Amino acid sequence: MAKITFIEHNGTSHVVEAENGVSVMRAAVDHNVPGIDGDCGGECACATCHVYVEAAWQGVVGGRTETEETMLSFAAATQDNSRLCCQITVSDALDGLVVHTPDGQH
Amino acid sequence: MSSSDVVVVGAGHAAIQLAASLRQGRYDGAITLIADESGLPYQRPPLSKAFMSGHMEEAALLLRPASFYAAQNVGVVENDAAVGIDRAARVVTLASGAAHAYGHLVLATGAANRPLPVPGAQLPGVVGLRNLAEARALKALLPGLRRVVVIGAGFIGLEFAAVAAERGIAVTVIEAAPRPLMRGVSAVMSDHLAASHRGWGTELLTGTGVKAIHGSTHAESAETTDGRIILADLVLVAIGVIPNTALAAAAGLRTGNGIEVDAFLATADPAISALGDCAAFPMAGQIGLVRLESVQNASDQARALADRLLGKPTSYAKLPWFWSDQAALKLQIAGLSGGHDQTVLRGDPASGAFSVFCFQGARLLAVESLNRAPDHMAARRFLAGAPKITPAEAADPAFDLRSAG
Ligand SMILES: Cc1cc2nc3c(=O)[nH]c(=O)nc-3n(C[C@H](O)[C@H](O)[C@H](O)COP(=O)(O)OP(=O)(O)OC[C@H]3O[C@@H](n4cnc5c(N)ncnc54)[C@H](O)[C@@H]3O)c2cc1C
Ligand code: FES
């Protein structure tokens, strides 16, 4: 289990108890967190699960996968800490994770 | 029941996204989804792909976990079809006799398999693939099948054919049109997919219809219009769908190729909207109303309708996109290619990864990408308006799609 905080562009935060093994995207969608669409169901094919990982967590979360890297290069408003959160798997190590959602996914 | 309560007929992709978006927008009225299927709402695309091939468990099909409905206060009435709408009283009646009053009624009834209009089509062993019950039944039969006939080389027929061929089942696909996916993709992409399926051992007959299904107590063979008899343990009918419009039509709403709505997804009755596979809507650049069958269309229309019900009306104008997985081939389509007069290739089809840019004159209409997700992403940007791309740029491998603008 990991407690994950999603902070919307407007500052509203949503704290979610996520089960190990699911993706951070799935955890957000299952708990109806606004700002994460996950339209492709986690296939790393839509880039509608874009988040910014808070600096302190970047190392723990790890780097982008190769496909993710290409997908992100076409997404809007990317930053160094951008990730497609369908590619991040929840584990105990992510307990306390904080991510921010962009202004829009489309 | 308060006058603001939302009742949705159907609990598929559109209905669930609508409920989710309404709650995300802090809608606090009641939300009730009426489903004629039993069990929690699930994703359809994997039914002919990862679920059928055994790569995805049934539990993973759920659109949302059970906890979602309680936490978001979304009611689901299972296994009870809506059978009538009293528009004056604003009440929907169900097959069980139950009645639900609504402030706003949303028709998200989806579509049903088009029946095969030939003798023998009612025989056991002639099946369809639209819902979980059908997918489960078909999947359970797979281990015992030696040869199958798939009628219709559309997306679902080809996806199933790929799964069956991968299992070593002898597959014959019968398509009446001259090439597969005639309505869905360009000739270049269609030819490539046809060759791929043939390469996997599938027999693909085009320009051939089916005259009859034969068998005494169970389907045993399909007879083509040119008189060939093809033996089959099972016949999958995948010749498209018909939108579920009967409920709307009986209530006096306009229906044609779908329940007719305006750009705000409203019917002529301001208290009733329709969206997803069942809805025919106006779209810029298209003649008449269009009806699309895709998760993107269902989800984006649900977001647009939620905005309207939350008091922020926006006319629906999202870029259509679609995907289909056939064995190792990942096809992604952005835009609608109908009416294109020029295609430009990016990448070499022989490499198995390429895109087809479909233009009408200088205007890009659609891009079909096979195992080239980055092209698809770029295409979505080009098709959404800016930046622009010319046929010459699209054809130039040195042209960087990312830097375009
Ligand atoms: C096998 C398969 C594979 C697919 N693959 C893809 C793909 O790869 N990519 C893609 O984008 N799209 C794909 N699609 C299409 C996609 O699933 C549909 O576009 C999407 O489900 C449409 O959502 P919807 O909510 O409009 O309708 P549906 O999901 O069909 O939901 C409608 C629901 O309403 C119910 N209903 C109908 N009438 C009534 C009534 N009177 N009372 C109560 N309930 C009623 C139906 O039983 C159904 O459960 C696929 C579809 C199938 C069947
Ligand atoms: S959900 Fe589509 S890329 Fe992450």
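Definitions and limits used
Residues numbered from 1 in each chain as written. Chains lettered and ligands numbered in written order. Predicted model: local features only at pLDDT ≥ 70, side-chain atom pairs only at ≥ 80, totals over all residues. Heavy atoms only, no water. Helix = DSSP H or I, 4+ residues; strand = E, 2+ residues; numbered from the N terminus. Rg over C-alpha atoms; globule rule 2.2 N^0.38 Å. Buried < 20%, exposed > 50% of the residue type's maximum accessible area, 1.4 Å probe, protein only. Pairing = 2+ DSSP bridges. Axes fitted to C-alpha atoms, helices over the stretch in contact; angles between N-to-C directions. Contact = heavy atoms within 4.5 Å. Near = heavy atom within 4 Å. Polar contact = N/O pair within 3.5 Å; in protein donor to acceptor, adjacent residues only side chain to side chain. Areas by Shrake-Rupley, 256 points an atom, 1.4 Å probe, with all protein chains shown as cover. Nonpolar A, V, L, I, M, F, W, Y, C, P; charged D, E, K, R; others polar. Domains from an automatic or database assignment. Phe/Tyr/Trp six-rings, centres within 6.5 Å; stacked < 30°, edge-to-face > 60°. Lys NZ or Arg CZ within 6 Å of the ring centre and 35° of its normal. Buried area = accessible area lost by both parts, 1.4 Å probe. Salt bridge = Lys/Arg side-chain N within 4 Å of Asp/Glu carboxyl O. pLDDT = per-residue confidence, 0-100. Core = buried A, V, L, I, M, F, W, Y, C linked by side-chain atoms within 4.5 Å.

### Points about the overall build of chain B
Helices and strands together make up the secondary structure of chain B, namely ten helices and 27 strands. Since a compact globule built from 405 residues should have a radius of gyration of about 22 Å, the 22 Å found for chain B is in line with a globular shape. In terms of overall dimensions, chain B has C-alpha extents of about 65 × 60 × 40 Å along its principal axes. Burial status across chain B gives 54% buried among its 405 residues.

### Some remarks on the sheet that holds strand β23 (residues 321–326) of chain B
Residues and elements named next belong to chain B. Read from one edge to the other, the open sheet built from five strands follows the order β23-β24-β27-β26-β25, with strand pairing classed as antiparallel. Each edge of the sheet is formed by a strand with only one pairing partner; in this case those strands are β23 and β25 (342–346). Each strand of the sheet is rotated relative to its neighbour by a mean of 15°, with strand direction disregarded. Judged from the seven bridges that link them, strand β26 (residues 354–360) and strand β27 (residues 363–370) form a sheet pairing that is antiparallel.

### Digging into the environment of G110 of chain B
Residue and element names in this part refer to chain B. In this structure, G110 sits in the loop between β7 (104–107) and β8 (111–113). According to the relative accessible area criterion, G110 is buried, its value standing at 15%. Remark: the alpha-carbon pair of G110 and L158, spanning 48 residues in sequence, is separated by 21 Å. Beyond its immediate stretch of four places on either side in the chain, G110 contacts R130, P243, N244, D277 and C278.

### Overview of the site of ligand 1
Residue and element names in this part refer to chain B. Surveying the vicinity of ligand 1 reveals 31 residues, the closest of which are D36, E37, K49, R130 and D277. Note that an oxygen atom of ligand 1 is positioned 2.9 Å from one of the backbone N or O atoms of W323. Within the complex, 94% of the 1000 Å² of free accessible area of ligand 1 lies under protein. Counting residues per element, the ones that place at least two in the shell around ligand 1 are α1 (13–24), α8 (295–309) and β23. Partitioned by chemical class, the residues of the shell around ligand 1 number 15 nonpolar, nine polar and seven charged. When we break the shell around ligand 1 down by domain, the ones giving at least three residues each are domain 1 (6–112 + 242–309) and domain 2 (115–239).

### With respect to the packing of aromatic side chains
Both the distance between ring centres and the angle between the ring planes are used here to describe each pair of aromatic rings. Residues and elements named next belong to chain B. Considering all chains together, one arrives at four aromatic pairs over all chains under this definition. With a centroid separation of 5.2 Å and 80° between ring planes, the pair formed by F68 and Y69 is classed as edge-to-face. For the pair formed by F68 and Y69, the shared burial category is buried. Both rings, one in W321 and one in W323, keep their centres 6.3 Å apart while their planes meet at 35°; by these two values the pair is tilted. Under the relative-accessibility criterion, W321 is labelled buried at 7%. Seen from the ring of F51, K139 lies directly overhead, with NZ or CZ sitting 4.4 Å from the centre. The positively charged end of R380 is found above the aromatic ring belonging to W321, 4.2 Å away from the centroid.

### Topic: the interface of chain B and chain A
Counting from both sides, the interface comprises 29 residues of chain B and, opposite them, 21 residues of chain A. Carbon and sulfur atoms supply 52% of the area buried between chain B and chain A, which totals about 1900 Å² over both sides. Per-residue buried area on chain B facing chain A is highest for Q24, M377 and R402 of chain B; these three make up 28% of the total on that side. Viewed at the interface, chain A and chain B are joined by three salt bridges. Here R303 of chain B makes a salt bridge to D37 of chain A, at a shortest N to O gap of 3.7 Å. For the pair chain B and chain A, the number of links is eight residue pairs in polar contact (both at pLDDT 80 or more).

### What to know about the confidence of the model for chain B
Mean pLDDT over chain B: 95, with 98% of residues reaching 70 or higher. Model confidence for the complex is summarised by a pTM of 0.96, with the ipTM given as 0.92.

### Remarks on the nonpolar core
Core analysis: the largest hydrophobic core is formed by 53 residues, its most contacted members being L105 and L107 of chain B. The leading source of residues in this core is α1 of chain B, at seven residues. Residue contacts for L107 of chain B: discarding those within four places in its chain leaves V9, I85, L247, A248, L253, I259, I272, S273, A274, L275 and C278 of chain B. Formed by 48 residues, the second largest nonpolar core is a distinct cluster that contains V53 of chain A together with V344, A379 and L401 of chain B.

### Some details on the domain arrangement of chain B
Domain boundaries assigned for chain B yield domain 1 (6–112 + 242–309), domain 2 (115–239) and domain 3 (328–403). Here the C-alpha centre of domain 3 of chain B lies 32 Å away from the C-alpha centre of domain 1 of chain B.

### Notes on unusual backbone geometry
All names here are of chain A. The phi dihedral of N32 falls on the positive side, at around 55°, and the residue is not glycine. If you trace the backbone, N32 turns up in the loop between α1 (24–30) and β3 (50–53). With a relative accessible area of 7%, N32 lands in the buried category.

### A look at the sheet that holds strand β5 (residues 91–94) of chain B
All names here are of chain B. Taken together, the three strands give an open sheet; going across it, the order is β4-β5-β6, and neighbouring strands pair in antiparallel fashion. Of all strands in the sheet, those with a lone pairing partner are β4 (82–86) and β6 (99–101), marking the two edges. Strand-to-strand twist of the sheet, defined as the mean angle between neighbouring strand axes without regard to direction, takes the value 20°. Here β5 pairs with β6 via three bridges, running antiparallel.

### Let's talk about the pairing of β27 of chain B
Residue and element names in this part refer to chain B. In terms of residue burial, β27 counts as a mostly covered element, since seven of its eight residues are buried. With five bridges joining them, strand β24 (residues 329–335) and β27 adopt antiparallel strand pairing. Its bridge partner lying in β27, L331 is registered against L370. Where β26 folds back on β27, the antiparallel hairpin that results is connected by two residues, among which G361 adopts a positive phi of roughly 60°.

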